[in-house]
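Residue-level structure breakdown
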Amino acid sequence: MTMTCVPKVLTFAGSDPSGGAGIQADLKVMTQLGVYGAAAVAALTRQTSQGVVSVMPLPADWVIAQVEEVLWDIQPSVMKTGMLQNADVIREIGRLWRKYIQEDIQRDACRNIQGSHNLALVVDPVLHSGTGVSLLASGGLDAFWQELLPVTTVVTPNVPEAEAFSGMEIRNTEDMEQAARCILNSGVRWVLLKGGHLPGCDEDQIVDLLCGQDQILWFRGQRVPKADLHGTGCTLASAVASFLALGFSVVEGVERAVQWVRWGIANPLFVGQGRGVVCQRELGVKFG
Ligand code: PLP
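This write-up is about the structure you can find in this document. Numbering of residues begins from 1 in every chain and follows the order in which that chain's sequence is written. Per-residue local features are limited, in this predicted model, to residues with pLDDT of at least 70; the limit for side-chain atom pairs, both in listing and counting, is 80 or more; totals at the level of whole chains, interfaces and linings are taken over all residues. Calculation of side-chain values draws on the structure's entire complement of heavy atoms; hydrogens and water are dropped beforehand.

Definition of nonpolar core: a set of buried residues of the types Ala, Val, Leu, Ile, Met, Phe, Trp, Tyr and Cys, connected through side-chain atoms within 4.5 Å. Here the term buried applies to any residue with accessible area under 20% of the maximum for its type, exposed to any over 50%, and partly exposed to those in between, with areas from a 1.4 Å probe on protein chains only. Ranked by internal contacts, the top residues of the largest apolar core, which has 46 residues, are Phe12, Val67, Leu84, Ile93, Leu148 and Leu193. The biggest single contributor to this core is helix H3 (residues 87-102), with 7 residues. The contact criterion used throughout is that any non-hydrogen atoms of two residues lie within 4.5 Å. Here Phe12 is in contact with Ala40, Val41, Ala42, Val63, Val67, Lys80, Thr81, Gly82, Leu84, Val89 and Ile93, once residues within four sequence places are set aside. Within the second largest apolar cluster, 33 residues are counted, among which are Val29, Val35, Val154 and Val251. Going along the chain from the N terminus, every DSSP run of H or I of four or more residues is numbered as a helix, and every run of E of two or more is numbered as a strand.

Okay, structure coming up:
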């Protein structure tokens, strides 16, 4: 039996039964972008489009066993993490990814359509929901810094998350760059700092920053007025993971992912009684 040649991504994240964020959103993005998505659940949430009601942690050993079994079976080239909820889970996932990339099993596996075998880890360091509910238990930040970021290809913090990691206040684009450089000290290869929460920035402009050791790129665009949408972070990180699995470099993949998500933000869906969700359709394709 031969392994099917399709780009594969494993998402390891929380479950959002309303479908706008978490593994539900991640799988839609992956399918839409043409990669095979596998999903392991890190925690359960009760939530609707109006916000998170409560979080149900799952036993860390059981959660990690899911990832381990699927990693070695499906052998994805890219793993994307979202809401991990618990410091023990974060530490274990770092250990597991290290072991995965050290092993030879990936050498001959069919990894992506360009034939590249590069493995990548995309980490969306989820701390809070958009409505302010904590999605990470105490100790989680240190676990990210010590165990997961050193083996991460791209980390995708928003402004509050970047402030938590860097310990500095971010008020403008100079601060964004300084905070991103500080986060690089963890050992992560690239920081994609999302400027959506930047206070006092030009009201019409949105700016995201991609920062590596030797390269820095700004993605400027038109801000969508009143776009308080659910699931933007999950959608962006999953799009980055998908483009990497398709064989794009980090710079190209992030650029495409940012454009794709901005289109989804400009064309939101209102599926429930609360916040809208990012449209996860192919660029320019409308429903109906
Ligand atoms: N629920 C889950 C499972 C998530 O992973 C996230 C964010 O990553 C959220 C809720 C919060 O999403 P938002 O901040 O877009 O509302």
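Attention now goes to helix H1 (residues 22-32). Among all positions in H1, only Gly22, Ile23, Ala25, Asp26, Val29 and Met30 are buried. The arc that holds the buried residues of H1, viewed along the axis, is 160°, so those residues lie on one side. Among the residues trailing H1, Gly34 stands out with phi positive, at a value near 85°. Our arc is simply the arc of the directions from the helix axis toward the C-beta atoms.

Strands qualify as paired when DSSP identifies two bridges or more between them. Pairing is mixed in the open sheet, where 9 strands are placed in the order E3-E2-E1-E4-E5-E6-E7-E8-E9. Strands at the two margins of the open sheet, each flanked by one partner only, are strand E3 (51-57) and strand E9 (216-222). Where strand E8 (residues 205-212) meets E9, 7 bridges bridge the pair, whose relative direction is antiparallel. By the bridge assignment for E9, Val207 is matched with Arg220.

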